[in-house]
Amino acid sequence: MNNIKACIFDLDGVIVDTAVYHYKAWKRLANELGFDFTEADNERLKGVSRMRSLEIVLQCGGITKTESEQKLLAAQKNAWYVEMINQMTPAEILPGAQEFVEACRAAGIKTALGSASKNSMTILEKLHITHLFDVIIDGNKVTKAKPDPEVFLKGAEELGIEPKYCVVFEDAIAGIEAAKAGGMKAVGIGKPDVLHEADLVVSGLDKMTLNKL
Ligand code: B16
Ligand code: MG
């Protein structure tokens, strides 16, 4: 990686751990539908859109629902999820995340958020970090889910930086694939054996420094 001019950050799993709240809300929905939903099942939802997540959850329970029923179920899950994220505080920012984004900005590197979540703005506001991103692209602004590169390409375009000068920070395999499909560099946040397509893998942004770029 050299000549990096922009860093694009995924939200869930990179800046904050909302997976725990997604899990609680999906589990509640599954339980109301009469089946259990385990933490292992929840791994399959990371980085995946809300409607696709619901499909996976229903699949786990061996249940089929009509499209209109699916919309209601997704809305119900989201209402429970929003109740929980509304209680979030800046203490929940993952270690080193704020410091690394601030270091990028201080070094003149542009910053963007590239998240599948339609709740990104609420989360950023609760964490008091909205101002740390020059551009915010979330689930409300894209039509194609990761591994499609749309979310990151839009980020690069709004920043006015060519993809080859951008690096994406992602915890999900689909997100790493999206970055690569967009012609960008990718730093995996998590385990090297899972995120092996990334150019570099670190366990968290607390282990990331500008000279690794
Ligand atoms: P919402 P990211 C993703 O966020 C989550 O990883 C994924 O589990 C979730 O289903 C998706 O956002 C949609 O979230 O229901 O809030 O719109 O990792 O791309 O920041
Ligand atoms: Mg993520």
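Residues numbered from 1 in each chain as written. Chains lettered and ligands numbered in written order. Predicted model: local features only at pLDDT ≥ 70, side-chain atom pairs only at ≥ 80, totals over all residues. Heavy atoms only, no water.

Caption draft 1: Structural context of the overall build of the chain. The secondary structure content of the chain amounts to eight helices and six strands. The N-to-C order of helical and strand elements in the chain reads β-α-α-α-α-α-β-α-β-α-β-α-β-β. Within the span of the chain, comprising 213 residues, buried residues form 47% of the whole. Across the chain, the fraction of contacts at a sequence separation of at least 24, relative to all contacts at a separation of at least 6, is 60%. In the form shown here, the chain has an accessible surface area of approximately 10000 Å², with 50% of it arising from carbon and sulfur atoms. Distance between charge centroids for the chain: 2 Å, based on 25 positive and 30 negative side chains. (Helix = DSSP H or I, 4+ residues; strand = E, 2+ residues; numbered from the N terminus. Buried < 20%, exposed > 50% of the residue type's maximum accessible area, 1.4 Å probe, protein only. Contact = heavy atoms within 4.5 Å. Areas by Shrake-Rupley, 256 points an atom, 1.4 Å probe, with all protein chains shown as cover. Lys, Arg positive; Asp, Glu negative; His and termini not counted. Charge placed at Lys NZ, Arg CZ, Asp CG, Glu CD.)

Caption draft 2: Structural view of the layout of surface pockets. Volume-wise, the largest pocket comes out at about 680 Å³. Lining the largest pocket we find 36 residues, and of these Val48, Ser49, Arg50, Ala116 and Ser117 sit closest to its centre. Elements represented by at least two residues in the lining of the largest pocket include exactly α1 (19-32), α3 (50-61) and α4 (67-85). Looking at the lining of the largest pocket, the element that brings in the most residues is α4, giving six residues. For the lining of the largest pocket, a count of residues per class yields 13 nonpolar, 13 polar and ten charged. Structurally, the lining of the largest pocket is a two-domain feature, drawing no fewer than three residues from each of domain 1 (6-17 + 92-207) and domain 2 (19-85). Volume-wise, the second largest pocket comes out at about 450 Å³. Around the second largest pocket, the lining comprises 16 residues; the ones closest to its centre are Glu43, Lys46, Asp171, Ala172 and Ile189. If one sorts the elements of the lining of the second largest pocket by residue count, helix α8 (residues 173-181) sits on top with three residues. Here the lining of the second largest pocket is built from residues that sort into eight nonpolar, two polar and six charged. (1 Å grid on protein atoms, 1.4 Å probe; cavity = no way out; pocket = protein on both sides within 12 Å on 5 of 7 lines; lining within 4 Å. Points joined across faces, edges and corners; volume = space filled by probe spheres on them. Nonpolar A, V, L, I, M, F, W, Y, C, P; charged D, E, K, R; others polar. Domains from an automatic or database assignment.)

Caption draft 3: Representation of the coordination of the magnesium ion (ligand 2). Around the magnesium ion (ligand 2), the donor atoms from the protein are Asp10 (OD), Asp12 (O) and Asp171 (OD), and they sit 2.0 to 2.2 Å away. In primary sequence terms, the donor set of the magnesium ion (ligand 2) follows D-x1-D-x158-D. Of this pair, Asp10 sits in the loop between β1 (6-9) and α1 while Asp171 is found in the loop between β4 (166-170) and α8, placing the two residues 161 residues apart along the sequence. Asp171 shares its class with Asp10; the two are buried. (Donors = N, O, S within 2.8 Å, 3.2 Å for Na, K, Ca; no water.)

Caption draft 4: Layout of the site of ligand 1. Ligand 1 sits among 18 residues. The nearest are Val48, Ser115, Ser117, Lys118 and Asn119. At a separation of 2.6 Å, an oxygen atom of ligand 1 approaches a polar backbone atom of Val48. Summarising the interface, the protein chains cover 97% of the accessible area of ligand 1, which totals 470 Å² for the free molecule. In a pocket analysis with a 2 Å cut-off to the grid points, ligand 1 is assigned to the largest pocket. Of the residues in the shell around ligand 1, the class split is five nonpolar, seven polar and six charged. (Near = heavy atom within 4 Å. Polar contact = N/O pair within 3.5 Å; in protein donor to acceptor, adjacent residues only side chain to side chain. Sits in = over half its atoms within 2 Å of the grid points.)

Caption draft 5: Summary view of the pairing of β1. Side chains of β1 alternate between two faces, with Ala6 and Ile8 and Cys7 and Phe9 buried alike. Note: β1 against strand β2 (residues 110-114), four bridges, orientation parallel. Among the inter-strand pairings, Phe9 is bridged to a residue of β2, identified as Leu113. Here four bridges tie β1 to β4, and the two strands are oriented parallel to one another. Looking at the pairing, Ala6 lines up with Cys166 of β4. (Pairing = 2+ DSSP bridges.)

What is shown is where atoms sit, not what they do.
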